[in-house]
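The chain contents come next:
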Amino acid sequence: MAQPVGFDVEDYFNDFANESAMAEAARFKTIPTGSYHAQVTKSEGRYFEQKDGKSGGKYWSTVFTDDPTPKAEWRKGVQVTADVLNVEGKKISTIRLEASWEDKRDDKGNLDKMFKQWEQLTLAVFPNLKVKDGERKSMGEVLEALAQYPIKLMITESFKTVAIDGSTKWKTAANAEEAKVFREAGYEPKNFVQRVSKV
């Protein structure tokens, strides 16, 4: 009867796993650009603070501090975690997005991305809401509905590319071949939620 072939593990105590393979295995798994159904699994309250972007402009970032006392300039919002599903309804990834019901404007005077994502989340679970007629839903009503009903997400797969001068930017691959080139070049992949809508 065949038996497993063993060895003394102490003989290999100084061996290392391949560095690039370890980095690849540890990398957050991304999914291709496309439209997906998703189910929200968690909504966590977060404070956000405004920071200066490296290439100009400002953005909102989660507050990390040892002093949890809220500051007047902080913004209240939520970090929403959702399971992304394939056509058979099976989970293929997890994605997070940040949204805020507190309206803020960008440098051009337009309502910013965090508020627009809150508006999209609201209308995804209350598609018949007559916003123009003044109908509204509370933050709690929106989060309760998100926990119950699926939503649709338009997700892009982007790669952090590095220019000759060392500057970086996120570039969305036009197709699977371009995504493969970016991966082989070692560019960091990340999924971004571009739009939320009703199923």
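Criteria and thresholds
- Residues numbered from 1 in each chain as written.
- Predicted model: local features only at pLDDT ≥ 70, side-chain atom pairs only at ≥ 80, totals over all residues.
- Heavy atoms only, no water.
- Salt bridge = Lys/Arg side-chain N within 4 Å of Asp/Glu carboxyl O.
- Buried < 20%, exposed > 50% of the residue type's maximum accessible area, 1.4 Å probe, protein only.
- Axes fitted to C-alpha atoms, helices over the stretch in contact; angles between N-to-C directions.
- Helix = DSSP H or I, 4+ residues; strand = E, 2+ residues; numbered from the N terminus.
- Parallel < 35°, antiparallel > 145°, perpendicular 65-115°, else oblique.
- Left-handed = near helix turned anticlockwise from the far one by under 90°.
- Contact = heavy atoms within 4.5 Å.
- 1 Å grid on protein atoms, 1.4 Å probe; cavity = no way out; pocket = protein on both sides within 12 Å on 5 of 7 lines; lining within 4 Å.
- Points joined across faces, edges and corners; volume = space filled by probe spheres on them.
- Nonpolar A, V, L, I, M, F, W, Y, C, P; charged D, E, K, R; others polar.
- Polar contact = N/O pair within 3.5 Å; in protein donor to acceptor, adjacent residues only side chain to side chain.
- pLDDT = per-residue confidence, 0-100.

Asks: Could you clarify how one ought to interpret the pattern of salt bridges in this entry?
Replies: Two side chains with opposite charge may pair up if their charged atoms get near one another. Across all of its chains, the model carries seven salt bridges by this definition. Among the salt bridges present, the one from Glu 178 reaches Lys 171, with a minimum N-O distance of 3.9 Å. Residue Glu 178 is classed as partly exposed on the basis of its relative accessible area, which comes to 22%.

Asks: Looking at this structure, I do not really get the packing of helix H2 (residues 113–125) against helix H3 (residues 139–148). What am I missing?
Replies: In helix packing, the relevant descriptors are the interaxial angle and the interaxial distance, both defined with respect to the helix axes. The contact between H2 and H3 brings their axes to 9 Å, and the two run at 60°. In terms of orientation, H2 and H3 fall into the oblique class. Viewed along their axes, H2 and H3 form a crossing whose handedness is left-handed. Only Met 139, Val 142, Leu 143, Ala 145 and Leu 146 of H3 make contact with H2, whose side of the interface consists of Trp 118, Leu 121, Thr 122 and Val 125.

Asks: I'm lost on the layout of surface pockets in this one. Help?
Replies: The gaps of empty space that remain are located by a probe, the size of a water molecule, rolled over the atoms. A volume near 1,500 Å³ is recorded for the largest pocket. As for the largest pocket, its lining consists of 32 residues, and the residues nearest its centre are Tyr 59, Trp 60, Trp 170, Lys 190 and Phe 192. Those elements that place two or more of their residues in the lining of the largest pocket are strand E2 (58–62), strand E4 (91–99), H2, strand E6 (168–172) and strand E7 (188–198). No other element matches E7, which puts five residues into the lining of the largest pocket. Residues that form the lining of the largest pocket fall into these classes: nine nonpolar, 10 polar and 13 charged. Quantified by volume, the second largest pocket comes out at close to 300 Å³. Around the second largest pocket, the lining is made up of 13 residues, and of these Phe 115, Trp 118, Thr 122, Arg 136 and Lys 137 lie nearest the centre. When residues in the lining of the second largest pocket are grouped by element, the largest group, five residues, is from H2.

Asks: Would you mind showing me how to read helix H4 (residues 176–184) here?
Replies: Each turn of an α-helix holds 3.6 residues, which means side chains three or four residues apart point in the same direction. For H4, the N-terminal capping position is held by Asn 175, with its side-chain oxygen 3.2 Å away from the main-chain nitrogen of Glu 177. One or two residues past the end of H4 sits Gly 186, with phi positive at roughly 85°.

Asks: Any chance you could explain the environment of Gln 79 here in plain terms?
Replies: As for its position among the elements, Gln 79 is in strand E3 (residues 75–85). Expressed as a C-alpha distance, the spacing of Gln 79 and Ile 92, which sit 13 residues apart in the sequence, is 20 Å. If we ignore the near neighbours within four places in the chain, the residues touching Gln 79 are Lys 42, Ser 43, Glu 44, Arg 46, Arg 96, Leu 97 and Glu 98.

Asks: Help me understand the environment of Phe 13 in this model?
Replies: Along the polypeptide, Phe 13 turns up in the segment before helix H1 (19–26). Each C-alpha atom of the pair Phe 13 and Gln 50 lies 48 Å from the other, and the pair is 37 residues apart in sequence.

Asks: Before we go on, may I ask you to explain the confidence of the model for the protein in this structure?
Replies: Atom-level detail of predicted coordinates should not be read off regions where pLDDT is low. Chain-level pLDDT for the protein is 90 on average; 95% of the residues reach the 70-or-more range. Between the elements of the protein, mean pLDDT differs from a low of 64, seen in H1, to a high of 97, seen in H2.

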